[in-house]
Amino acid sequence: MASVKSVGPLGFPYKTPDPFLFCVYHKDDYPAGDGKMQAPRMGNGADFDWSLPYRMYHGDRVPGFPQHPHRGFETLTTTSVGVVDHTDSMGNAGRYGEGDLQWMTAGGGIVHGEMFPLVHADKPNPLRLFQIWLNLPSKSKMVQPAFVMHWHEEIPVVTAPGARVVVHAGSLMGKTGLPPPPDSWAADPANDVAVWCLSLEPGASFTLPPAAGGDKSNRVLYWVEGGGLVDGKDIGKPAMITLKASLPSELKNGATPSYLLMLQGKPIGEPVAQHGPFVMNTQQEIQQCFSDYRRTQFGGWPWPDDAVVFPANKGRFAKLDGKEFYPPGK
């Protein structure tokens, strides 16, 4: 029996099933920086023109997302190329990329910035990453904010002929993703959350095994670059494929390299009320978010600029509770 339930366009942002809220793929071909890690052109405050080689997003001369608040959910930022500079209202910070994952629980409220500095002045600075929003159940929406950094040197990878699968969450073929923050919906294995990034060489095949949660889990495959077959069904261009999680799914790649994302998990099954950066269960709770943010600024912004970037030669690091940590061997 074929596992494909439906096929549709990717859209922007990607449609996501419960327990996920949002997903977008950043593919920006930034040029060499100017020595100050700036792009050649200035942003307009809301630069999302996908017809251009790159976007400035909400950045001015350095692309990215200056400080902004969140409450009630989690962000997962999975990188493959380029770097991200993170700062937040708890005083935590980091530079990560080139395959690293940052997993942040916004919980009761956090302000953070995500900037994409052009660290190389002598060569282009391409950026490739997914940002994924994972919901929190009502009991966890007001937990203490937290984040974990998963360095790519430690993230499990499954390899097969012509295939490479990065296991950011969940388990695949004996490999289990690194621990998420403690209050995450993904922290309980019974919730069957999985996040996998797949790279397929031309003509390669790979089979997704059935989900541990069977049909109680939602599973979606985003064929982001390239094209091929899923259980014999032609996916000739980038698409969103909703799968029956209780069945295996055979992927057969076409004539060009492909890049895919798989999201899976048991639904939280609660009402979702969302307004911009706040995700709660009722509109009354959303109004409370705005009131709380106006009153407290979620702890305030301890950094000298709204769009903080670190020195070009800083390297990858994470700063948590005042102490810096580094990738293995650094």
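The preceding data block contains the structure.
Residues numbered from 1 in each chain as written. Predicted model: local features only at pLDDT ≥ 70, side-chain atom pairs only at ≥ 80, totals over all residues. Heavy atoms only, no water.

S.K.: Hey, could you run me through the overall build of the protein in this one?
M.R.: Helix and strand counts for the protein come out as one helix and 26 strands. For a compact globule of 330 residues, the expected C-alpha radius of gyration is about 20 Å, and the protein comes in at 19 Å, within 12% of that figure. If one aligns the C-alpha atoms of the protein with their principal axes, the spans along those axes are about 55 × 50 × 40 Å. Of all 330 residues assigned to the protein, the portion counted as buried reaches 53%. Total accessible area computed for the protein in this model is approximately 13,900 Å², and 54% of it derives from carbon and sulfur atoms. Charge-centre separation for the protein: the mean point of 29 positive side chains lies 2 Å from the mean point of 32 negative side chains. (Helix = DSSP H or I, 4+ residues; strand = E, 2+ residues; numbered from the N terminus. Rg over C-alpha atoms; globule rule 2.2 N^0.38 Å. Buried < 20%, exposed > 50% of the residue type's maximum accessible area, 1.4 Å probe, protein only. Areas by Shrake-Rupley, 256 points an atom, 1.4 Å probe, with all protein chains shown as cover. Lys, Arg positive; Asp, Glu negative; His and termini not counted. Charge placed at Lys NZ, Arg CZ, Asp CG, Glu CD.)

S.K.: Looking at this structure, how should I read the sheet that holds strand E21 (residues 249-253)?
M.R.: Sheet strands line up and pair through hydrogen bonds in the backbone, either parallel or antiparallel. Sheet architecture is open: four strands sit in the order E16-E21-E18-E19, paired in antiparallel fashion. At either end of the open sheet lies a strand with only one pairing partner, and these are strand E16 (205-208) and strand E19 (233-235). Recorded for the sheet is a direction-independent mean angle of 25 degrees between the axes of neighbouring strands. Strand direction decides the pairing type here: strand E18 (residues 228-230) and E19, joined by three bridges, are antiparallel. (Pairing = 2+ DSSP bridges. Axes fitted to C-alpha atoms, helices over the stretch in contact; angles between N-to-C directions.)

S.K.: What exactly am I supposed to notice about the side chain of Asp192 here?
M.R.: Looking at the element boundaries, Asp192 is found in the loop between strand E14 (175-176) and strand E15 (194-200). Within the buried set, Asp192 has no salt-bridge partner at all; the shortest N-O distance to an opposite charge, 6.4 Å, is to Lys266. Of the polar contacts made by the side chain of Asp192, one reaches the side chain of Gln264; its length is 3.1 Å. With near-sequence residues (within four places) excluded, Asp192 lies in contact with Ala211, Ala212, Gly213, Ser217, Gln264, Gly265 and Lys266. (Salt bridge = Lys/Arg side-chain N within 4 Å of Asp/Glu carboxyl O. Polar contact = N/O pair within 3.5 Å; in protein donor to acceptor, adjacent residues only side chain to side chain. Contact = heavy atoms within 4.5 Å.)

S.K.: I tried to follow helix H1 (residues 283-296) on my own but got confused; where do I start?
M.R.: In this model, H1 (14 residues) spans 20 Å end to end at C-alpha, consistent with the 20 Å of a helix rising 1.5 Å per residue. Three or more residues of H1 are buried, namely Ile286, Cys289, Asp292 and Tyr293. Angular distribution of buried residues about the axis of H1 spans 120 degrees; they occupy a single face of the element. Among the exposed residues of H1, those oriented more than 90 degrees off its buried face are Gln284, Gln287, Arg294 and Arg295. On its buried face, H1 sits against strand E3 (64-70), strand E8 (110-115), strand E23 (273-275) and strand E24 (278-280). (Expected span 1.5 Å × (residues − 1). Arc of directions from axis to C-beta.)

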